[in-house]
Amino acid sequence: MIPKMPAREGQVGFLFIPPFRIQGMSVAGEQTVIQIPELDVNFDMGQCTRSSLTSNRVMLSHAHMDHLGGLPYWLSQRHFQKLGVGQIICHKEIADPLRKMIESWSELERQKTPFEVIPMEPGDVIPLKGSMVIKAIETMHTAPSLGFVVIERRSKLKAEFRDLPQSAIKEIRNRGEEITDIVEIPTIAYTGDTEPCEALKSPELAESKVIISECTFFSPEHRERARIGKHLHIRDFIELMEIWQAQDVVITHVSRRTSLGYANKCIDEMFKPEIRERFRFLMDHKGNRKRYEKQASAAMEKQKHLSKS
Ligand SMILES: [Zn+2]
Ligand SMILES: [Zn+2]
């Protein structure tokens, strides 16, 4: 007998939820890194995947190793590949130790790796890209933690002007009067690691179109473990799925011991079909590939149709 070959590992999960690609790896306690290339952002950096290098920012939910372990490598590799200064957005309570960690890594490598740390508190908002901003929300975990909501800010003609002809609106604008209101549209939310908390029921979360949420535990025997580790259990989603309007709830941070088959069985038993069909798993490689192939063939059909007409 010869020893077994090592298990294949490290496949990147992928979901296309138009217009966003959600790609990365997430297993509880091992690593979580979720990139949205369209927003130039990575949520957490538990492991530096090749594609995560191309986004300039890491929104760090908290500093547990499975969310942070890839950060020095990400910064150093971006510097090596001349990809510019990496930006790390984190809870203000961990900003100093984070800077110290990165600086001591530079000392070890004997090279100056540029970086920028931007501390945030719950409620803070920073610009993200174009009309998108990102807001930090207060999650509850065993270490200082944040969740994030990407919000689109659109200007909309004020209600009182909506029925006026163009010429009249132009005249009002020329007088220097403000003719638009800013409306905020929550787009994508990321929970990071958290126990059930108020922020998860906030209007921003409730109205987000896509929610990337942790759900570490599924088995009824693991409710206590979820409570102690301050994580979500699938039972918590009975309430959350009623509040959340998101048509796509992307489940991440499932524990290694929970098989996809078992997780799906729990969901089937607990939720009625119209709720059940809103769940996706980032690491369901087979299911997500099928979904993508369907999306690709539908896009091809549409293209054919367009070129004919
Ligand atoms: Zn974690
Ligand atoms: Zn954690």
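Here we take up the environment of G70. By secondary structure assignment, the location of G70 is in the loop between α1 (65-68) and α2 (71-80). G70 gets classed as buried once you look at its relative accessible area, which sits at 5%. When the C-alpha atoms of G70 and K92 are compared, they prove to be 20 Å apart, with 22 residues separating the residues in sequence. Ignoring sequence-local partners within four residues, the contact set of G70 consists of M45, G46, Q47 and C48.

In this fold, T32 is placed in strand β3 (residues 31-36). Among all residues touching T32, those that are not within four sequence positions of it are M25, S26, V27, F43, D44, M45, G46, D66, H67, Y190 and H253.

With that out of the way, let us pick up the nonpolar core. Membership of the largest hydrophobic core comes to 29 residues, with the highest contact counts inside it found for F218, F237, W244, I251 and F279. Of all the secondary structure elements, the ones that give two or more residues to this core are β9 (132-138), β10 (146-157), α7 (237-243), β13 (248-252), α8 (260-270) and β14 (279-281). Grouped together as the second largest cluster of nonpolar side chains are 26 residues, I22, I36, F43 and M120 included.

Taken together, 7 strands build an open sheet; the order of strands is β8-β9-β10-β11-β12-β13-β14 and the sheet is mixed. Each end of this open sheet is capped by a strand with a single partner; those strands are β8 (125-129) and β14. Strand-to-strand, the axes of this sheet are offset by a mean angle of 35 degrees, without reference to chain direction. Here strand β12 (residues 210-214) runs beside β13; their pairing, made up of 5 bridges, is parallel. Looking at the pairing, E214 lines up with T252 of β13.

As a further point, take the coordination of the zinc ion (ligand 2). Donor atoms from the polypeptide that bind the zinc ion (ligand 2) are H62 (NE2), H64 (ND1), H141 (NE2) and D193 (OD), placed at 2.2 to 2.4 Å. Because the angles between the 4 donor atoms bound to the zinc ion (ligand 2) fall within 90 to 169 degrees, the donor set is best described as irregular. In the primary structure, the donors to the zinc ion (ligand 2) are separated according to the pattern H-x1-H-x76-H-x51-D. A residue is classified by how much of its surface remains accessible, and H64, at 28% relative accessible area, is partly exposed. The class of H141 is buried, set by a relative accessible area of 8%.

All right, on to the coordination of the zinc ion (ligand 1) then. Coordination sphere of the zinc ion (ligand 1), protein contribution only: D66 (OD), H67 (NE2), D193 (OD) and H253 (NE2), at 2.1 to 2.3 Å. Seen from the zinc ion (ligand 1), its 4 donor atoms lie at angles of 87 to 170 degrees, and the figure they make is irregular. Sequence positions of the residues that donate to the zinc ion (ligand 1) give the spacing D-H-x125-D-x59-H. Here the zinc ion (ligand 2) and the zinc ion (ligand 1) are spaced 3.4 Å from one another, each receiving a donor from D193. Residue H67 is found in helix α1, and its partner D193 is found in the loop between β11 (180-190) and α5 (203-207); the two are separated by 126 residues along the sequence. One exposure class covers both H67 and D193, and it is buried.

Thresholds, definitions, all that
- In this convention, every chain numbers its residues from 1, walking through the sequence in written order.
- Chain A is the first chain written and ligand 1 is the first ligand written, with later ones labelled in order.
- In keeping with the predicted nature of the model, local features appear solely for residues at pLDDT of at least 70, side-chain atom pairs appear and are counted solely at 80 or more, and the whole-chain, interface and lining totals rest on all residues.
- Values reported for side chains reflect all heavy atoms of the structure, with hydrogen atoms and water molecules removed beforehand.
- Think of it this way: any DSSP run of H or I at least four residues long counts as a helix, any run of E at least two long counts as a strand, and we number them from the N terminus.
- When a residue's accessible area, from a 1.4 Å probe over protein chains only, is under 20% of the maximum for its type it is buried; when over 50% it is exposed; and in between it is partly exposed.
- What makes two residues a contact is simply this: any of their non-hydrogen atoms within 4.5 Å.
- Only buried residues count toward a nonpolar core. Its members are Ala, Val, Leu, Ile, Met, Phe, Trp, Tyr and Cys residues joined through side-chain atoms within 4.5 Å.
- Two strands pair under a simple rule: DSSP has to find at least two bridges between them.
- Here an axis means a line fitted to C-alpha atoms, over the contact stretch when the element is a helix, while the angle between two N-to-C directions is reported on a 0 to 180 degree scale.
- Distances decide who is a donor: an N, O or S atom must be within 2.8 Å of the metal, or within 3.2 Å for Na, K and Ca. Water is not included, so sites may look incomplete.
- Angle rules define the geometry names used: all angles between 85 and 135 degrees makes four donors tetrahedral, while opposite donors over 155 degrees apart and all other angles between 65 and 115 make four donors square planar and six octahedral, leaving every other case irregular.

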